[in-house]
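# Fold and contact review
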Amino acid sequence: MELATSWRGPLDLIVSDVMLPGQPGPALVAQLQLMYPGTKTLYTSGYAPSLAGERGGFDPDQPFLAKPFTTVELASLVRRVLDS
């Protein structure tokens, strides 16, 4: 959040873990999307998508990448999200 509040350019993509210390990732994303409307989101978690959704409160229809993942998997999903 600190970086985003000082950022002056466009924000194309938010990559967030579903479970963050202090607040769930979807709560952080909601705050960021108020500042940067229309920003696309990619969630990641070490939990299975269904469990991450239950615990973190994110929409399971959102792009999701399970940990552990490779840089190739990350890059591929980032490209698909940005192109959608």
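Remember, predicted model here, so these are calculated numbers, not experimental data.

Definitions and limits used
Residues numbered from 1 in each chain as written. Predicted model: local features only at pLDDT ≥ 70, side-chain atom pairs only at ≥ 80, totals over all residues. Heavy atoms only, no water. Buried < 20%, exposed > 50% of the residue type's maximum accessible area, 1.4 Å probe, protein only. Helix = DSSP H or I, 4+ residues; strand = E, 2+ residues; numbered from the N terminus. Right-handed = clockwise from strand over helix to strand, strands pointing away. Pairing = 2+ DSSP bridges. Axes fitted to C-alpha atoms, helices over the stretch in contact; angles between N-to-C directions. Contact = heavy atoms within 4.5 Å. Core = buried A, V, L, I, M, F, W, Y, C linked by side-chain atoms within 4.5 Å. Salt bridge = Lys/Arg side-chain N within 4 Å of Asp/Glu carboxyl O.

### A few points about the pairing of strand β1 (residues 13-17)
- Along β1, four of the five residues are buried, which leaves the element largely enclosed by surrounding structure.
- The β-α-β motif built from β1, the intervening helix α2 (residues 25-35) and the parallel element strand β2 (residues 40-45) has right-handed crossover chirality.

### Observations regarding the environment of V18
- Checked against the element boundaries, V18 lands in the loop between β1 and α2.
- Linking V18 and R80, residues 62 residues apart in sequence, is a C-alpha distance of 19 Å.

### Structural notes on the sheet that holds β1
- Read from one edge to the other, the open sheet built from three strands follows the order β1-β2-β3, with strand pairing classed as parallel. Pairing within the sheet leaves two strands with one partner each, and these edge strands are β1 and β3 (64-66). Across this sheet, the average inter-strand angle for adjacent strands is 20°, counted without regard to direction.
- Across five bridges, the pairing between β1 and β2 is parallel. Note that in β2 the partner of S16 across the bridge is Y43.
- Where α2 meets the sheet, its contacts fall on β1 and β2, and the angle it forms with β1 comes to roughly 160°.
- Of the strands in this sheet, β1, β2 and β3 are in contact with helix α4 (residues 71-83), which crosses β2 at around 150°.

### Re the nonpolar core
- Counting residues in hydrophobic clusters, the biggest one holds ten residues: A4, I14, V18, L28, V29, L32, Y36, Y43, F58 and F64.
- Among the elements that make up this core, the one with the highest residue count is α2 (three residues).
- If sequence neighbours within four positions are ignored, V29 has contacts with I14, S16, T41 and Y43.
- Formed by five residues, the second largest nonpolar core is a distinct cluster that contains L13, L65, L77 and V81.

### Digging into the pattern of salt bridges
- Counted by the stated rule, this structure contains two salt bridges.
- The partner of D17 in a salt bridge is K67, and the shortest N-O contact between them spans 2.4 Å. Remark: K67 occurs in the loop between β3 and α4 and D17 occurs in strand β1; sequence separation between them is 50 residues.
- D17 sits in the buried class, given a relative accessible area of 15%.
- Put simply, D83 and R79 hold a salt bridge, and the shortest N to O gap is 3.1 Å. Of the two residues, D83 and R79 both sit in helix α4, four residues apart, roughly one turn of that helix.

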